[in-house]
Amino acid sequence: QSCFCADLVFRKFDVSQWELMKGPEAKLWEKLRVKLPQVFWTRIENTASSGIPDVYGAHENKSFFVELKVTKSNKVRLSPTQISWNYSNVYNGGRSFYLVEALSTSSLYLFSGKKGRELQKEGLKSGPLATFHAPLDANQLLHSLKTAPL
C-alpha cells in the first residue's frame, strides 16, 4: 500500500522534478513510506499551521500521528501549536510522536508527543523513547509506534 497523497504528487511530477523539490523532511517522509509499506499512511498537508502532525499512520488496529523533523545539530525546532497539539492528543489518549532524523549520523530518534517542550528546550538529548541507527530496523520502528508507552 502507498499513501494516496504521495501517489498524486508522483503523477503530477516526473521523478527528476520530485527529487529536486524534496527537502529534508520530504525525504524522511519518503523513507518512512518506503520502509513501512504495510502501514496505511496519510501525509497531512497543513497550511493553516494548526499543529497537526505531518503524517497519520494505521496498522493492525493501531493508529498514530508522527511529526517529522530533521536536524543538523542537537536542536529541534517545534512551533507552539505543534507542541500543544501533540501534548493534547497524548493527554486525551491518542498516540503521537516526533520522529527526528539527525543528518550527522543518519539516526532516527522517536519522542513521545507529550515531550515537545523538552524536545524544544533540550533537543535530541531530552531522552527519546527509542533510537534507530542506520540501517533502519523498520519493524522495530513500527513496533515502537504501536506499543511504546507515552
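For every chain, the first residue of the written sequence is number 1, and numbering continues from 1 onward in sequence order. pLDDT decides what is reported in this predicted model: residues at 70 or higher carry local features, side-chain atom pairs at 80 or more are listed and counted, and totals for whole chains, interfaces and linings draw on all residues regardless. Hydrogens and water molecules were not included; the side-chain quantities draw on all heavy atoms of the structure.

**Student:** Would you mind going over the nonpolar core in detail, with residue names and values included?
**Tutor:** Membership of the largest hydrophobic core comes to 21 residues, with the highest contact counts inside it found for L36, W41, F64, L68, L99, L141 and L145. What counts as a helix is a DSSP run of H or I of at least four residues, what counts as a strand is a run of E of at least two, and both are numbered from the N terminus. For this core, the secondary-structure elements that each account for two or more residues are helix 3 (24-35), strand 3 (62-71), strand 4 (96-102), strand 5 (107-112), strand 6 (130-132) and helix 6 (138-147). The greatest single-element share of this core, amounting to 4 residues, is contributed by helix 6. Among the buried residues, those of types Ala, Val, Leu, Ile, Met, Phe, Trp, Tyr and Cys that are joined through side-chain atoms within 4.5 Å form a nonpolar core. Partly exposed describes any residue whose relative accessible area lies between the buried limit of under 20% and the exposed limit of over 50%, with all areas from a 1.4 Å probe on protein chains only and scaled to the type maximum. With 10 residues, the next largest nonpolar core counts L78, I83, Y98 and V100 among its residues.

**Student:** Tell me about the environment of L142, and name the residues and values.
**Tutor:** Here L142 shows up in helix 6. The buried category is assigned to L142, whose relative accessible area is 6%. Separated by 103 residues in the primary sequence, L142 and V39 have C-alpha atoms spaced 8.6 Å apart. In what follows, a contact means two residues having at least one pair of non-hydrogen atoms within 4.5 Å. Contact partners of L142, with chain neighbours within four places excluded, come to L36, Q38, V39, H59 and F64.

**Student:** Got a sec to walk through the packing of aromatic side chains? Specific residues and values, please.
**Tutor:** Side-chain rings of Phe, Tyr and Trp, where Trp is taken by its six-membered ring, are said to pair if the distance between their centres is within 6.5 Å; with planes under 30 degrees apart they count as stacked, over 60 as edge-to-face, and otherwise as tilted. What the rule picks out here adds up to 5 aromatic pairs. A ring pair is formed by Y87 and Y91, whose centres lie 6.2 Å apart and whose planes are at 15°; its orientation type is stacked. Here Y87 and its partner Y91 are both found in helix 4 (residues 80-91), 4 residues apart, which amounts to about one turn of the helix. Taking the relative accessible area as the measure of exposure, Y91 reaches 64% and is therefore exposed. What links up through ring pairs into an aromatic cluster is the set W29, W41 and F64.

**Student:** Go over the sheet that holds strand 6 with me, naming the residues and quoting the values.
**Tutor:** In this analysis, strands are considered paired if DSSP registers two or more bridges between them. Pairing in this open sheet of 6 strands is mixed, and the strands run 1-2-3-4-5-6 from one edge to the other. The strands lining the two open edges of the sheet, one partner per strand, are strand 1 (40-43) and strand 6. On average, adjacent strands in this sheet sit at an angle of 25° to one another, irrespective of strand direction. For strand 4 and strand 5, the ladder comprises 6 bridges, and the chain directions are antiparallel. Among the inter-strand pairings, L99 is bridged to a residue of strand 5, identified as L110. Along the sheet, helix 4 contacts strand 3 and strand 4; its crossing angle with strand 4, the most-contacted strand, is approximately 130°. Lines fitted to the C-alpha atoms define the axes, with helices restricted to the stretch that makes contact. Angles between their N-to-C directions range from 0 to 180 degrees.

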